[in-house]
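Close look at the chain arrangement
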Amino acid sequence: MPKAHLEDRRLIRISGPDAESFLQNLITTDIAGLGAAEARPGALLTPQGKIMFDFMIFRTGDGFMIETDATQVETLLRRLMMYKLRANVTLAAEDNDGVTVVWGEDAPEGAVADSRFVTAGTPLYRLPGKLCDGDSQAFEVLRIGHGITVSGKDFALQDAFPHDVLMDRNGGLSFKKGCYVGQEVVSRMQHRGTARRRPAIVTAESGSLSPDTPLTAAGKPVGTIGSVSGSSAIAIVRIDRVGVALAAGTPILAGDTPVTLALPQWSGLSFPTDAADEADA
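Each chain carries its own residue numbering, running from 1 in the direction its sequence is written. Confidence filtering applies because this is a predicted model: local features only for residues at pLDDT of at least 70, side-chain atom pairs given and counted only at 80 or more, and all residues used for totals across whole chains, interfaces and linings. Excluded from the side-chain calculation are hydrogens and water; included are all heavy atoms of the structure.

So, on to the sheet that holds strand β9 (residues 124-128). Here we have 9 strands laid out as an open sheet, ordered β1-β7-β9-β8-β3-β4-β5-β2-β6, and mixed in their pairing. At either margin of the open sheet sits one strand with a lone partner, and together these are β1 (3-6) and β6 (90-93). Pairwise comparison of adjacent strand axes, ignoring direction, gives a mean angle of 35° for this sheet. Two strands pair under a simple rule: DSSP has to find at least two bridges between them. Secondary structure counts use DSSP, requiring at least four H or I residues in a row for a helix and at least two E residues in a row for a strand, with both numbered from the N terminus. The sheet contact formed by strand β3 (residues 38-45) and strand β4 (residues 51-60) spans 6 bridges and is antiparallel. Its bridge partner being in β4, Gly-42 is matched across the sheet by Phe-55. In what follows, residue pairs with any heavy atoms lying within 4.5 Å of each other are defined as contacts. Under this scheme, a helix contributes an axis fitted over its contacting stretch, all axes are lines through C-alpha atoms, and angles between N-to-C directions fall in the 0 to 180 degree range. Set on the sheet, helix α4 (residues 136-146) makes contact with β1, β7 (99-103) and β9; between it and β1 the angle comes to about 100°.

What follows is the structure, given as structure tokens:
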């Protein structure tokens, strides 16, 4: 019955008659299709389609909760206020002591299922507050093993598109609902199939890995190490460059350490072996 308390997570409540339409027209998640007991990833994008804020979102009895990193709460709340205009919604930060996550068992009462982990094959549930003293490192091992990214550790805000962090595959990015901020850019990326950066699970052949270590193949950069757990890590990589290296049998290095790279199995993606080694987009 693994559990962990994530002390760096906070909540924002969005309630009122217009809460659903307000969010549906603003963020990447399909709010209309959000189930009563599920939490989905989401983002508020820049007009250029890059992730300004990332979060989980779920329904409550009178509206919605956004769960995000504690460092984002104040700025995200201010940004939501800017978009409120005449919408009949109430926005407020909750006073919660982090979030508890539970996996490997049936859903606790009042919990919501994290769609990212469900998609990856490990049901995991989230509850507001501190309900245990479980080791958060166990959760990190699970998250890294599934290739599930978070901002601040695996990518910088305003520096990644939703496709770069698999939001097109984990339920956090809708291509069927109406317009939202940045929608035109991400829709064009989807229809043209131009996403070339994806999270990969990195495994060192020996020794341990360190965050921010460059990944290279034949001296060319392919990505940078993000979250680390011993000899395993997540890195957002150029899949075209990795594909060329794999096809040629070229070693991939994290600094001087040989590593292997795998795309998360749940994503259904594979490295393109006929990709041209093009300049950065």
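Here we come to helix α5 (residues 183-192). Working definition: with a 1.4 Å probe on protein chains only, accessible area under 20% of the residue-type maximum means buried, over 50% means exposed, and in between means partly exposed. Taken as a whole, α5 has its buried residues at Gln-183, Val-185, Val-186, Ser-187 and Met-189. Close packing links the buried residues of α5 with β3.

In this section: the packing of aromatic side chains. Note on ring pairs: Phe, Tyr and Trp rings are taken, using the six-membered ring of Trp, and paired if centres are within 6.5 Å. Classes follow the plane angle, with under 30 degrees stacked, over 60 edge-to-face and the rest tilted. Across all of its chains, the model carries 2 aromatic pairs by this definition. Relative to Phe-139, the ring of Trp-103 lies with its centre 6.3 Å away and its plane at 55°, an arrangement referred to as tilted. Linking Trp-103 in strand β7 with Phe-139 in helix α4, this pair joins segments that are 36 residues apart in sequence. Each of the two residues, Trp-103 as well as Phe-139, counts as buried. With centroids separated by 5.7 Å and ring planes inclined at 45°, the aromatic side chains of Phe-117 and Phe-139 adopt a geometry described as tilted. Of the two residues, Phe-117 sits in helix α3 (residues 115-120) while Phe-139 sits in helix α4, which places them 22 residues apart along the sequence. By relative accessible area, Phe-139 is classed as buried at 5%. Aromatic rings pair up to connect Trp-103, Phe-117 and Phe-139 into one cluster.

This part is about a negative patch on the surface. Side chains of Glu-7, Asp-8, Asp-95 and Asp-97 sit close together on the surface and give a patch of like negative charge. Relative to the helices and strands, Asp-97 resides in the loop between β6 and β7. To count toward a patch, a residue needs a relative accessible area over 30% and no salt bridge; like charges are then connected within 9 Å, while nonpolar side chains (Val, Leu, Ile, Met, Phe, Trp, Tyr) are connected within 5 Å. Methods summary: accessible areas were calculated by the Shrake-Rupley approach with a probe of 1.4 Å, and residue burial reflects only the protein chains presented. Basic side-chain nitrogens of Lys or Arg form a salt bridge, by our definition, when they fall within 4 Å of a carboxyl oxygen of Asp or Glu. In this charge count, Lys and Arg are treated as positive and Asp and Glu as negative; neither His nor the chain ends contribute. By convention, charge coordinates are those of NZ in Lys, CZ in Arg, CG in Asp, or CD in Glu.

Glancing now at the sheet that holds strand β11 (residues 214-217). Overall, antiparallel pairing links the 6 strands, which are arranged β10-β13-β12-β11-β14-β15 in a closed barrel. For this sheet, the mean inter-axis angle between neighbouring strands, taken without regard to orientation, is 40°. Sheet topology places β11 next to strand β14 (residues 252-254); 3 bridges connect them, and they run antiparallel. For Thr-216, the partnering residue across the bridge sits in β14 and is Leu-253. Along the sheet, α4 contacts β10 (197-204), β12 (220-229) and β13 (232-238); its crossing angle with β12, the most-contacted strand, is approximately 150°.

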